[in-house]
Amino acid sequence: MIPSYSGMWSVHNADSFACDSEPMVAADTTSTPVLSTRAQTEIDNELGAMEERMRALRTRRNNFSPISSIPPEILGTIFVQHAQQMQLLHVPDNPAVLSWLKVGHICRHWREVALGTPELWATPFLNSSRATEEMLMRSKMAPLNLRCGQRYRMDSVQKALMHIDRLQEVSLPFLNGGMTYRWVMEFLNKLSSCSAPKLQSLSLEEEFAQTLRIAIPTSFVAPNLRSLQLKYCDLSWASSVLTGLTSLNIKKLSPECLPTLEELISALRRMPSLRFLELEDALPTLPPQTMSLPRAPPAMNVRLPHLNRLRFVAKILDVANVLAHIELPDSTMLEVQLGCRPSSPTNANQEWNLSLPIISHALESCFKATPAKSCRTPRSLRLFAAGRIHVQYSTVRNPSSWVGSMSETCLEPEWTAEHPVILDFDFPNDTSTAILSDLWRLVPIRTLEALYTEGFFSCWDGFWTDLLGCGAAPNLAYLNLRETPQALEDLIISLRSTHSSARSIGWRAHKELVFSPALSHLILESLEFDTSFSSFTRASDLVDVLIDRVNEGRGLEFLSITGCTGISAHDVRLLREVVADVQWDEYESFDDFDLEYDYDSLEDDDDDDDYNFYDGGDHYY
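Read on for an overview of the structure.

Basis of the calculations
Residues numbered from 1 in each chain as written. Predicted model: local features only at pLDDT ≥ 70, side-chain atom pairs only at ≥ 80, totals over all residues. Heavy atoms only, no water. Helix = DSSP H or I, 4+ residues; strand = E, 2+ residues; numbered from the N terminus. Buried < 20%, exposed > 50% of the residue type's maximum accessible area, 1.4 Å probe, protein only. Contact = heavy atoms within 4.5 Å. Areas by Shrake-Rupley, 256 points an atom, 1.4 Å probe, with all protein chains shown as cover. Phe/Tyr/Trp six-rings, centres within 6.5 Å; stacked < 30°, edge-to-face > 60°. Pairing = 2+ DSSP bridges. Core = buried A, V, L, I, M, F, W, Y, C linked by side-chain atoms within 4.5 Å.

Attention now goes to the overall build of the protein. Summing up its helical and strand segments, the protein has 16 helices and 20 strands in all. Looking at the protein as a whole, 46% of its 621 residues qualify as buried. Excluding contacts between residues fewer than 6 apart, the proportion of contacts in the protein whose partners are at least 24 apart in sequence is 69%. For the protein, the computed accessible surface area is about 31,700 Å², with 54% contributed by carbon and sulfur atoms.

Shown next as structure tokens:
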């Protein structure tokens, strides 16, 4: 039998007491608590020493792991790169931007490296006062990056702006004026008298137009500034800030601050290394009722040999007037984005005709047939129209960014890696028709392999034949129509072979070459086939024209029908007899769509700061 602990204690105590030569004396009960407390303290101290010893042994053991052989400076650089990735993934006011703090939870060595890397703390979390103070302290003298989201603490911004000699990047969006306006103006006024030697990027953006507007001082002491981004802010085009920049982005200038053509050209000449130029409602304006574009001597032109991206958004005559005086480089990296609108709807056609030659000439720099630009050959075009015409060219056949609706993604800068040209024209319907008919003059169509269309635009009789017929797009193999009911009927007519017919479709006489002879993939989305006899958009019409193409050796390889009404299972069976691969979602009418949405399945976003940034002291490491 295993004795109980109480029995063991009794035997042990009895033996010890029997060996004692002194007479037994009654125990002093009053001293027992004191002795017990002292003994517990001694044991606690021993346990603490043992824990410290175990920590030291674990640290020594970790030192033998391969990852511990990385020098601290390289490990710190890795931590900084990781933190920068988190800052790219999350907006500045999202606590998740601080998820890189977990690197200091791994071991003591990593904690010491993190605390000893000032650059790791150089982007203060401006949504917390304590976090800002701690990160400003830990960053020591490292260059600071100030990035605000929609939520931030004004006192945090003020504290960070006081370190003017350390500022490297300042990005401040505003929702209103008030105290933020005063602090930013104080900061800018300081730049008039004291230097910001490390400042490389400045971004000041108001969300909406305000009565009080941020004004950039004429004297601006930031010799290393390379990037300037302003929205609803004002500046003088003679300001020293417009010198030596490689990136200039200005949006929504006050009318009184718009430059003259001479001022803009002079400013651009002070930026010979400019790579990114984006001006939205910040171009010189021509007088109302301008009937012709002014001519200026070639000496007025400015050459921008290093330009990679050009984006102008303004009235079309103003855009054309500036484009006429900028010599674009013949570069494989050039990206052009133009957003144009007429000065008045009544003169829209005239303004388009005046501007077309200049815009067309400017775009030639993107599509010149040179060996160096062989990789830039436009392979796909995306046409979106819903009250405006939006055109994109891509250098790949199936761009990943074109998944989903086009209306959700217009003029986004991240697209430009694949899309050298993005055009956005906000014109009346009759002028939009002229723009569509002139597309071939703006960008080359002959090299197209894929065409994506979406929206409701003015489609005239013979639209497809005029746009892509007569051998204009001999390599077009992929055609995607989404929500383009006006173009569907003419497409069916254009698809019809000219050499044989199953039956007559439409009244137009077809004497041209076979429309898109290389067409192999046809995607139809959210379209409506009409079942009436007078219409030429019946599903049976599509079957007939595809039979024609098969007979001429121009049959389709793939047909996809999604979200289309007016088509039946019987029609699809007939289509599968002439097309090798037909995909159909089996929807025949709007009643087949499941419009209910399970909102209970949505999980609430938890924006709470789970990192407990500085609660209870410095316990992260």
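Moving on from the coordinates now.
Let us now look at the packing of aromatic side chains. For any pair of aromatic rings, the description rests on two quantities: the centre-to-centre distance and the angle between the ring planes. Taken as a whole and judged by the stated rule, the model has 6 aromatic pairs. Taking 6.4 Å as the distance between ring centres and 65° as the angle between the ring planes, the aromatic pair formed by Phe425 and Phe427 counts as edge-to-face. Both residues of the pair, Phe425 and Phe427, belong to the buried class. Judged by centre distance (5.3 Å) and plane angle (35°), the ring pair of Tyr452 and Tyr478 falls under tilted.

Okay, the pairing of strand E12 (residues 335-341) next. With 6 of its 7 residues buried, E12 lies for the most part within the structure. Relative to E12, strand E10 (residues 309-315) runs parallel, the two sharing 7 bridges. Note that in E12 the partner of Lys315 across the bridge is Arg341. Across 5 bridges, E12 lies against strand E15 (residues 421-425) in parallel orientation. Across the sheet, the residue bridging to Gly339 is Asp424, located in E15.

Below, the discussion takes up the nonpolar core. The biggest cluster of nonpolar side chains holds 130 residues, and the ones touching the most others in it are Leu188, Leu204, Leu277 and Phe312. Considering each element in turn, this core owes the most residues, 8 residues, to helix H10 (residues 348-367). Aside from chain neighbours lying at most four places away, what touches Leu277 is Leu248, Leu268, Leu304, Leu307, Arg309, Leu310, Arg311, Phe312 and Ile326. With 18 residues, the next largest nonpolar core counts Val103, Ala114, Leu120 and Trp121 among its residues.

The next point concerns the pairing of strand E17 (residues 478-482). Among the 5 residues that make up E17, 4 are buried, leaving the element largely enclosed by the rest of the structure. Sheet topology note: the strand E16 (residues 450-456)/E17 ladder contains 5 bridges and is parallel. Counted as the bridge partner of Glu454 is Arg482 from E17. Sheet topology note: the E17/strand E18 (residues 521-525) ladder contains 5 bridges and is parallel.

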